[in-house]
Structures are given as C-alpha cells and as structure tokens.
Amino acid sequence: MEKLKLLLVTLLIGYASASWSQSKVSGVVTDGQNVPIPGVNVIIKGTSNGAATDFDGNYQLNTKKGDVITFSFVGFVTKDITYNGQASLNVKLEEDAAQLDEVVVIGYGSVKRTDLTGAVESLDTKALTEQKKTDIGQAMQGRIAGVDVRTLSNKPGAPLSIDIRGNTVIKNTDGGRDGISDSAADDLSKPLYVVDGIFFDDINILNPADIQQMDVLKDASATAIYGARGANGVVIITTKNGIEGKTVFTYEATLGVRSATNVPDMYNGDEYVDFVDKALRSTAWKGLFQNGNVPTVEDYNNVAVDLSRELRTTNEEASNAANGRYTDWAGDYRHAGIQTSHNLGMSGGENGLTYSGSIGYLSDEGVVGIEGYDRYNLSASLTKKVSDQFTAGVKAYLALSEREEGSRELFRSTLRLAPTVNSIDPDGNVILFPDDQDGRFTNPYYDAQGAWKTNTKSLDVIANVFLNYAPTEWLSFKTQFAPNIKNTRFGEYRGLYTKAARNEPARIQSHYDSSFKTSYTWDNIINFDFDITETQNLKATLISSVYYNQLEWSNIETRDFDTDSYSFYNTSAGLDVRDYDTNYRKETLSSFAGRLNYSIADKYLFTFTGRYDGSSKLAVNNKWAFFPSAAFAWKASDEDFLQDVDWLSNLKMRLSYGESGNDSPVSSYSSLAFLSGSDYVFGDTHTNGVGVAGLPNYELTWERSKEVNIGLNLGVLQNRITLGLELYRKKTIDAILDKTLSNITGYSTATGNYGSVENKGIEITLSTVNVKTEDFKWSTSINFAKNKNQILELDGDLDKETYGTHGVLEVGQPVDAIYNYQVDGIWQLDEAAAAAVYGAFPGQYKYRDVDNSGTIGAEDKMVLGQVSPDWIGGMTNTFTYKNLDLSVQVYTRQGSFGHSEFYSHFAPYNGDDATFNKIKLDYWTPNNTDAKYPAPEYGHPGEWYYEDLSFVKIGNIGLGYQFNDAILEKLRMSSLRLTLDIQNPFVFTDYKGPDPETGLQNSYNSGYLTKTILFGLKLSY
C-alpha cells in the first residue's frame, strides 16, 4: 500500500512539472496584405498536438519553450517558428508562387493546377488589379503567353482586340485600305468569354476589382468542353464570392492624371516653311525632266519657287511666316485628363451563408476635346448551404457605362493645320476656316467645345442563379440559369461648325441608334467523383446546355437642322430624313457534353471530353456536330526514381489532341436566301418590290479546328525557377469565307465552307526568384509566344484572291497578309534613264519589276508582310524590401507590318501640295539622296504607306507600401496600402505615329497614346 501511495505521488509530481513547464500561446495568422487566414494548420512539429485558426485567423495552442510550431496552409509557404515563451505570437504567411492559383476553372468545374492536362493559364485578383488598369483587357496585356492583346483606340473606354494563338478565320470583315476595323465586334477570331457561366461579349464593362480569377483555356483539349464556341480559345472570368468568417470591408481608390505621350514630332513654324519651299522646289524641279533632259542638283538649288502658292497673303499666312508668328494647333488642344476610381466591397458569412457585394465607379477623361468614359459597377452574391445536400446561390452584376468619343476629326485636324495660319482674328474672334486653301477644315475650336458628339451609353445586367444537390460525397447535380440583358444607345451629332457641316445647315447630321439584347444560358451539370481503388480516382461531368440570344435594334439619321440645340435627342427636327431602319435577330445553341478525368496514383492523369453542339445559324441538315478531345499528363517528378533528385521540384509532361468548332464568321441567317426591297416605276405608279438578295447554302456547317498540344511544366531549386513550355499545331478545316462568284450568276459572293488555315507555334513562360533574403526579394516573370499562320486552302479551284487596296487571301500565306509592290529603294539621279522606262523620276520609290516586263502592274505585287506579329512577349520584375515593393512590366509586339493611315495623311511625300503640316521624316532631295523616304509631293506614285509597327512598351512602373502591424493596430485596420503607378511611361519604336499599337487604324477618330500617373489607396477592416 505504501508503494502504491509513493507511485501516485511521483506521477502527480511529474504531471505537475510537465504542466508547469507548458505555456499557452495565441495569436493571429495573416497573409501578405494582413488579411486573416482561416483554417491554417498550427501544429507542434513532430507531434499530433495542434489547432486550426478560426474565421478571424485566431489560434490558441498549449506548447512549451523550445518547441517548433509549424504553420501551413494551401497556397502559402509553410513556416516553422521556435517558441521562446511569449504569450502572443502573430504570424504572417507568404504566398507560395508555385501554388498560386491552386484551383483552376476549366469550364463547368475546376481542378487543382497540379492536375491540369491542358494548356491553361490564370491571373488572380492581385495580378488583375496591381497595375490599376481600367479594364480587364489592359490588365492581361503582356501577362499570358500566346494571348495577343492590342489596343484599337487610345480614347477612354475603347475596346481591345484579344486573340489567342493566332487567327483561325479566313473571312475578311474589312476590305478597306487599312484592313483593320476599329470595332472589336468585327474581330471574328476573338475568344469566347464566359463570366460566371454566362456567354459574354463586352468584357470592357467589367471592373477588374470585382474579378476573383481569370482562366485562359488555350488548347483544344481544354476548350473542347465548350465545343462549337471554343475554337478561338476561352477566357473564363469568375467574379468574387463571399468567404465564411467575419464581415470584411474593403475600399480602394485611385486618383491620377492622363497626358499625351509619344506625341508625333510635327514641323514647327520655321520647319514647315522650309518644307513648303522644298515641296514646291521638288515639284518644279521634276517638271524639268522633259525631252530627255535630266536636271542637276544645281538646277534644283536655283529653281524659282513661289511660296505664295502655299503661304497665302490673303489670310496673313505669308506675314506670319515672315515674322515668325506661328500657331501650335496640336499643343493648344491637348490637355490633361483626370482619372479617378472608387471601389467599396464587403464580404463575409456564417452558419453556411456567405455573401459579398461591391460598388465601383470609374471616371476617365481624355486629353483632347470632350472625350471621356464613366462606368458604374454593382455586384452582389449570396450563397446558402441549406442542408448537407442542398446549396443555393445567386450572383448579379450590373454595369452602366457612358463613353463620349467627341469629334472624330479633332485629333487629326489639330495636327493637319499649318502652323502659319491663324486661329483667331485681330479682334479675338474665332476664324471658322483658318486655311482658305481648303474649305473642308473648320476651326477645331468648335469640335473641342462639343460641336461634334459621339456618345454611347450601355446598361448590362448579368445574373447567375444556381441550385446544387449532393446526395452523396461522390455525386452532385447542379442546375444554373444565367440571363444577360444589354441595352445600348448610340447618339452622334455633327453640328453647324464641324468639318462635316462646314457652316451649311443642310449638312448637319443627327444619328440615333438603339439596341436591346436578351440572352441566357441554362446549364444542367452532373458531377461524379469517387475512388475506384486506393490509387485510382475517377471524376466525370455530364452537361446539357441551352443558349439563347435575341437582338433588336433600330437606327435613324436625319439632316438639315436650323439649330444645334437638340443634339441627337430630337431627330425629327431634321428636315432631311436619310436613313431609318429596324432589325431583329435570334440565334440558339443546344449542347450535350461530357468530361472524364481518370487518375492513377495521382501521377498518370487522363482527360476525355466530348461535346455535341447544334447551332441555329447553320444549314438545316448540318446544324449538329461532335467535338472530341483527349489529354494525358505524367507527373514525372512523383516517380520513385526521381525522389532523390534534390534540385528537381516539379516535372510534368502533357500531350493532348482536341477538336473544336466555330460558327462566328456567319450571321444568324447566312445559310438562307434573302429578299431585299427595291422601288421601281410600274406604269405611272411608283411602287415597292422585292428581289433575291443572296444565294442559300444548304451545306453550310461548322468550321472545325483540330489541335495537337505538347506541354512541359518544370520546377527546380524548390520552385525558385519554374518553366512552362507549349508546342501546338492547330489546323482549321471547312473554314467559312465568302467565295467570289462570276458576274454572270447575278451575285458577287456566296458564303460557305471553302477554306482551311493552320496555326502552329511555341509558348514559353519562365518565372524565377532571383534573390530571396529575410528582407529583400527579387522575382521575374517572362512570357514569349511565336505563332505562324498560313492558309492551306481557299476553295479548291482558287489559290489567290485579292481584296481592297492591299489585301490578299493566298494559299501558303497568312490570313492577314499585306499585298502590294515591293520597294527596292529610291530612284537616284544616275538612274534617271532606268526610271524613265517605268515612267518614274529620281526621288520616287523604286518598285520591283517581278516579271521583268518593263512595266509595273498587278503581276508585280507580292506579299510584303502580315498584320499579326511574328512574336509577342512580356516581362515583369518585382522587387520587395520589407514593406516596400516595386514592379516594372514590359510588353512587346514584334514583326507587325501594315498600312499606316497616319502616314498616308502626314508623311511629307503624300502629295497634297504641302497644304498640311507633316511629321518629321528623312525625305529625299537632290541634296539628300541617302534618305529613307521619297521626295516630297511627287515622290510617292501610288498607294504605299507600309510600316513596321514593332514596339517595346514599359506598360507599368508600380511602387507600393504596406503599413506594418503596429500602425494597423492603432488604426484598427487589417490592411492599408498606398501605391503609385505610372502607366505607359515609355515606348520604343521606329514608327513615328502616335502609337504603333494603333498604327493600323485610320487617323479618323484616332487619339494620342497617353501616360497616366495614378496614386492609389487600398484598405480593409
């Protein structure tokens, strides 16, 4: 009995000693933005003793001095801390670059990034918002390999062109001189946008601050789940959801100034006078080439020049030139524009209910005239776990935007007008026609004040209502209904003093167009997820989907107003009704799809996808088609024989094949014949009739793209260096285009499946952590993509078809090839006799005589280049020192070649009698024979204004400061960050226009490239 008592006493003493040596520690675990992280595992290393953080990131743990406490959570770097006896221990976890975007949305579901078998890249909310771009397209630019994002206009609120892995569409939408439409809607190779399960057209109206994640599906195996709509790639956008936990409020604001940058270097007053002299001198000198006479340099220097031909005395122009009184037209009308944004958000949840909401406002002023863009965004989401089996939710998103483009002529008028002419008379009155040599151009003062308005107002409402039923752990059923309503009003008014009206009331124009679009997507999805054995997992997704799209629109144009007071709101006041019309269009798409994911030992991954689509746009017996795909991935780094390779962190190889379809090149009723109205005189009566307007095509069916993709993902040195490599070949067959018909048929073209086109290329993504210490980190992300595009077939009987001024569709050449004469330099003085054979003169472009016929004709034209770039790339460097961070983002497009509308209006050699101002280019004269460009005025026979539009842009320089915990605690905030961003600070290019990125666009309705300096504030509590 005594021994038992002694044993009990000993045990009690030992237990008390152990208890006395233990301590209770508590704290909060946060991320890099000081936002609490719920669900973090907090464990004493080497034991099973641990806890998890609650919704507010709080934890509490019994431990003792000297224990190593491990903090771990998916997507963050695991952290070990040795406990030294303190009562409070707050921990900040760093995001793991190798695990960011851990979950990837792949269409009707999601997978872990490590389990991907297709070519998919993602941008999270941090990447989309860190540069404070106004829209998602800008935020994507230069960030994802193989995604070419190009600005179509530098005016505020302008759309962007986004292409993934080249152009699959042969059909050309613009046979005009520039070959590129300013409207993003005309880009038939644009990808499919899916926003919260809704097929969407205009992502420009989305607020980047509302986006949780963007996933870009690039290869056909990834896009095949969208079947007929995935041929050009898919961009899946997921807006933010609530997270269960305490309510978190966020506020983000920016305030900045926009200013014109890369301003074209035009002639100043003295330079313009000198140019006028040389232009008139060159013309007079050229006239000396008569009867075999070849004038000399001395003849050029001594030729008599009458400057009054251009510098008129009637409007004091000659006096201004003589006395150095000049007008800086462009400078006088450029101004700073204010850009500001505000975003207020809220999210949280408890007891199975999560919620989030946000409201945003953007105001972006242009740098010329009344240009501006305003956007209001409102979002809300609510999800409720009704029971263990049922979850219901709703998301709604509203965007109201108004874009004012102002005058379509103001930009180029201010550049055109000669610095020698006056804007106001001696009494201070505005001169309506400053240059009496050309009565087409009114004083830009009136356009700058709003005499010309071009206004678009849009209201977009999208929603997603869903119900999810999961009767077991391995089976779930989801039905979701996603409507989309878009109402757009376009108004344009060209007032009395605009270039369009020229002080003639009969020429005043008023346009009013309205459209109303309703569409919806209804998806029913069944998901299976179960383990066949301990090492084998099977996931399956079955889908039925219906898409409906209806569009109604109307337009009216009237002219001849007696006042400018009505703007475009009272078209009935116009006495001359020019156009009025109403239209209706409807299209539907029905689909059945399935996807099977099979995993063996989590190392061998198989994906099989098939989709059966039916489109109302195609011919009656060809509406339906099946699009299959298969993919395999091998996680080689998980093999036993590579476990001892310390430097290898990740090695995964992928192979895929897939087919996808496309019906975007055709309108809703392209397979049918139409009747068009016509009027005629029948006897003495004027009456209306109809005629057949086009041929039906009862064989019209899907374009089909077949793609093979080989992928590699590599990580070394604990993923401090990661590499992604993609090789692909995509062949599109049954390509839809308009076949030219013989005039004898009575029709010009017929739409059908006549062509084939191929895209093949390489994409590289490289991320490195170059330096990493306790206080300093330097990381780099680089992407590169090269795509080769060529036509394989047109219609079987035709190998080449030209269109417009310089377009060609030719087998073996790119879809967007530039076709014209090849310039082999400039004819020189000692080549006067050879030039005369071709009817040319020294100082003019020398065109290559391809067929050696002694003449320059259509047979001498050839492919000079292509509009799409040879390669694109981007690089982002990020430097972090304690709470301070700096990032520099660069992107480039190389090898883009095309017709410069800007040069056609402003090059010194464009032949307009030196009436307008010009950009400074090195042009040929007998005294400057090594010049790059031909002689002024006469040096340009024919339409030849082609330029290399390659560039490198510094897209953004960003500086940020995150306040530390001590300050945040005093302010009772969980996060506070200040930023300074400089957008588009530098551009490097040989192109002399305002922006090489928009160099293909017409200078009509164009604008300046702008630099924006933005101050930002972001806080949460």
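Residues numbered from 1 in each chain as written. Predicted model: local features only at pLDDT ≥ 70, side-chain atom pairs only at ≥ 80, totals over all residues. Heavy atoms only, no water.

1. With respect to the overall build of the chain
Then, number 1: If you tally the helices and strands in the chain, you get 13 helices and 48 strands.
Then, number 2: In terms of overall size, the chain behaves like a compact globule, its C-alpha atoms giving a radius of gyration of 33 Å where 1021 residues would be expected to give roughly 31 Å.
Then, number 3: Expressed as a percentage of its 1021 residues, the buried residues of the chain come to 51%.
Then, number 4: Long-range pairs, those at least 24 residues apart, make up 69% of the contacts in the chain with a sequence separation of at least 6.
Then, number 5: As displayed, the chain has an accessible area near 44,900 Å², and 55% of this comes from carbon and sulfur atoms. (Helix = DSSP H or I, 4+ residues; strand = E, 2+ residues; numbered from the N terminus. Rg over C-alpha atoms; globule rule 2.2 N^0.38 Å. Buried < 20%, exposed > 50% of the residue type's maximum accessible area, 1.4 Å probe, protein only. Contact = heavy atoms within 4.5 Å. Areas by Shrake-Rupley, 256 points an atom, 1.4 Å probe, with all protein chains shown as cover.)

2. Section: helix α5 (residues 269-286)
Since there are 3.6 residues in each turn of an α-helix, residues three or four apart along the chain are aligned in direction.
Then, number 1: In a regular helix each residue adds 1.5 Å, so 18 residues correspond to 26 Å; α5 covers 26 Å between its end C-alpha atoms and thus fits that length.
Then, number 2: Burial in α5 covers these residues: G269, Y272, V273, F275, V276, D277, A279, L280, R281, S282 and W285.
Then, number 3: Considering only its buried residues, α5 is in contact with α6 (297-302) and α7 (317-323). (Expected span 1.5 Å × (residues − 1).)

3. Section: the packing of aromatic side chains
Think of a pair of aromatic rings as described by two things: how far the centres are apart, and how the planes are tilted against each other in angle.
Then, number 1: Scanning all chains against the criterion turns up 44 aromatic pairs.
Then, number 2: Centroid distance F199 to Y226: 6.4 Å. Interplanar angle 65°. Geometry classified as edge-to-face. Residue F199 is found in strand β14 (residues 198-200), and its partner Y226 is found in the loop between α4 (220-223) and β16 (234-239); the two are separated by 27 residues along the sequence.
Then, number 3: Using a relative accessible area of 4% as the deciding quantity, one classes Y226 as buried.
Then, number 4: On the numbers, 4.7 Å between centres and 45° between planes, the contact of Y446 with Y497 is tilted. With Y446 in helix α10 (residues 444-448) and Y497 in the loop between β23 (475-494) and β24 (509-531), this pair connects stretches of sequence that are 51 residues apart. (Phe/Tyr/Trp six-rings, centres within 6.5 Å; stacked < 30°, edge-to-face > 60°.)

4. A look at a nonpolar patch on the surface
Then, number 1: On the surface, L344, I359, Y376, L378, L398, L400, L459, V461, I485 and F516 cluster together into a nonpolar patch covering about 800 Å² of accessible area.
Then, number 2: Broken down by secondary-structure element, the contributors of at least two residues to the nonpolar patch are β20 (372-385), β21 (390-404) and β22 (452-472).
Then, number 3: Tracing the backbone shows L398 in strand β21.
Then, number 4: With a relative accessible area of 30%, L398 lands in the partly exposed category. (Patch = residues over 30% accessible without salt bridge, like charges linked within 9 Å, V, L, I, M, F, W, Y side chains within 5 Å. Salt bridge = Lys/Arg side-chain N within 4 Å of Asp/Glu carboxyl O.)

5. Comments concerning the side chain of Q889
Then, number 1: As for its placement among the helices and strands, Q889 is situated in strand β43 (residues 884-894).
Then, number 2: Judged by relative accessible area, which is 2%, Q889 ranks as buried.
Then, number 3: If we skip the residues at most four places from it in the chain, Q889 touches Q131, Q141, G142, R143, M875, T876, K953, I954, G955 and N956.

6. Details of the nonpolar core
Then, number 1: Counting 44 residues, the largest nonpolar core has L415, Y845, F902, Y903 and Y909 as the members making the most contacts within it.
Then, number 2: Of all the secondary-structure elements, those providing two or more residues to this core are α8 (329-333), α9 (410-416), β39 (823-826), β40 (845-847) and α12 (901-906).
Then, number 3: Apart from residues lying up to four places away in sequence, F902 is in contact with P264, F411, L415, A907, I919, Y991, K992, G993, P994 and S1003.
Then, number 4: Residues L123, I198, V216 and I237 belong to the second largest nonpolar core, which totals 30 residues. (Core = buried A, V, L, I, M, F, W, Y, C linked by side-chain atoms within 4.5 Å.)

7. Examining the pattern of salt bridges
Then, number 1: If you walk through the whole model with that rule in mind, you get 38 salt bridges.
Then, number 2: One salt bridge in this structure joins D115 and K635, with 2.8 Å as the shortest N-O distance. Here the residue D115 occupies a position in the loop between β9 (110-112) and β10 (120-124), and K635 occupies one in strand β28 (residues 624-635), the gap between them amounting to 520 residues. For the pair D115 and K635, one class covers both residues: buried.
Then, number 3: In this structure, D196 and K395 form a salt bridge, with 3.2 Å as the shortest nitrogen-oxygen distance. Highlighted residues: D196 in the loop between β13 (192-195) and β14 and K395 in strand β21, separated in sequence by 199 residues. For the pair D196 and K395, a shared accessibility class is recorded, and that class is buried.
Then, number 4: What emerges from the salt-bridge pattern is a single network uniting E121, R165, K218, E707 and E763.

8. Observations regarding the sheet that holds strand β15 (residues 211-217)
Then, number 1: What the five strands build is an open sheet, ordered β10-β15-β16-β13-β14; its pairing is mixed. The open sheet terminates on both sides in strands that have one partner only, identified here as β10 and β14. Direction aside, neighbouring strands of the sheet carry axes that sit 25° apart on average.
Then, number 2: Relative to β16, β15 runs antiparallel, the two sharing six bridges. Among the inter-strand pairings, V216 is bridged to a residue of β16, identified as V235. (Pairing = 2+ DSSP bridges. Axes fitted to C-alpha atoms, helices over the stretch in contact; angles between N-to-C directions.)

9. What to know about the confidence of the model for the chain
Then, number 1: Here the chain shows a mean pLDDT of 88. Residues at 70 or above account for 94%.
Then, number 2: With pLDDT under 50 throughout, residues 3-20 is counted as low confidence; its partners more than four residues away or in other chains account for zero contacts. (pLDDT = per-residue confidence, 0-100.)

10. A short note on the sheet that holds strand β3 (residues 50-52)
Then, number 1: With antiparallel pairing, the four strands of this open sheet are ordered in space as β3-β2-β5-β6. Because the sheet does not close on itself, it has two edges, and the strands there are β3 and β6 (79-82). Ignoring which end each strand starts from, the neighbouring axes of this sheet average 20° apart.
Then, number 2: Two elements, strand β2 (residues 41-44) and β3, share three bridges in a ladder whose sense is antiparallel. Paired with V42 across the two strands is A51, which belongs to β3.

11. Regarding the side chain of T261
Then, number 1: Within the secondary structure, T261 sits in the loop between β17 (245-260) and α5.
Then, number 2: A residue is classified by how much of its surface remains accessible, and T261, at 16% relative accessible area, is buried.
Then, number 3: Setting aside anything within four residues of it in sequence, one finds T261 in contact with N984, P985, P994, L1009, T1010 and K1011.

12. A short note on the pairing of strand β36 (residues 800-803)
Then, number 1: The sheet contact formed by β36 and strand β37 (residues 807-810) spans four bridges and is antiparallel. Residue pairing in the sheet places T802 in a bridge with V808 of β37.
Then, number 2: Two successive antiparallel strands, β36 and β37, enclose a turn made up of three residues, where G804 displays a positive phi of approximately 60°.

13. Some words on the environment of V105
Then, number 1: Within the fold, V105 resides in strand β8 (residues 103-105).
Then, number 2: Note: C-alpha distance between V105 and I782 (677 residues apart in sequence) is 23 Å.
Then, number 3: Beyond its immediate chain neighbours, meaning those up to four positions away, V105 contacts S110, Q213, D215, L217, I236 and T238.

14. Considerations on the pairing of β22
Then, number 1: Here β21 runs beside β22; their pairing, made up of 15 bridges, is antiparallel. Note on β22: the bridge partner recorded for A396 is A463.
Then, number 2: Between β22 and the antiparallel strand that follows it, β23, lie two residues.

15. Section: unusual backbone geometry
Then, number 1: The phi dihedral of R165 falls on the positive side, at around 60°, and the residue is not glycine.
Then, number 2: Along the chain, R165 falls in the loop between β12 (160-164) and β13.
Then, number 3: By relative accessible area, which is 1% here, R165 ends up buried.
Then, number 4: Its identity as a non-glycine residue notwithstanding, D734 has a phi of 55°, on the positive side.
Then, number 5: Along the chain, D734 turns up in strand β33 (residues 721-740).

16. Looking at the environment of V29
Then, number 1: Within the secondary structure, V29 is located in strand β1 (residues 22-30).
Then, number 2: With 879 residues separating them in the primary sequence, V29 and P908 have C-alpha atoms 66 Å apart.

17. A closer look at the environment of E726
Then, number 1: By the secondary structure assignment, E726 is in strand β33.
Then, number 2: For E726, a relative accessible area of 9% corresponds to the buried category.
Then, number 3: Separated by 71 residues in sequence, E726 and L655 have C-alpha atoms that sit 9.8 Å apart.
Then, number 4: Apart from the residues lying within four places of it in its own chain, the contact partners of E726 are A119, R165, R654, N709, I710, G711, G761, I762 and E763.

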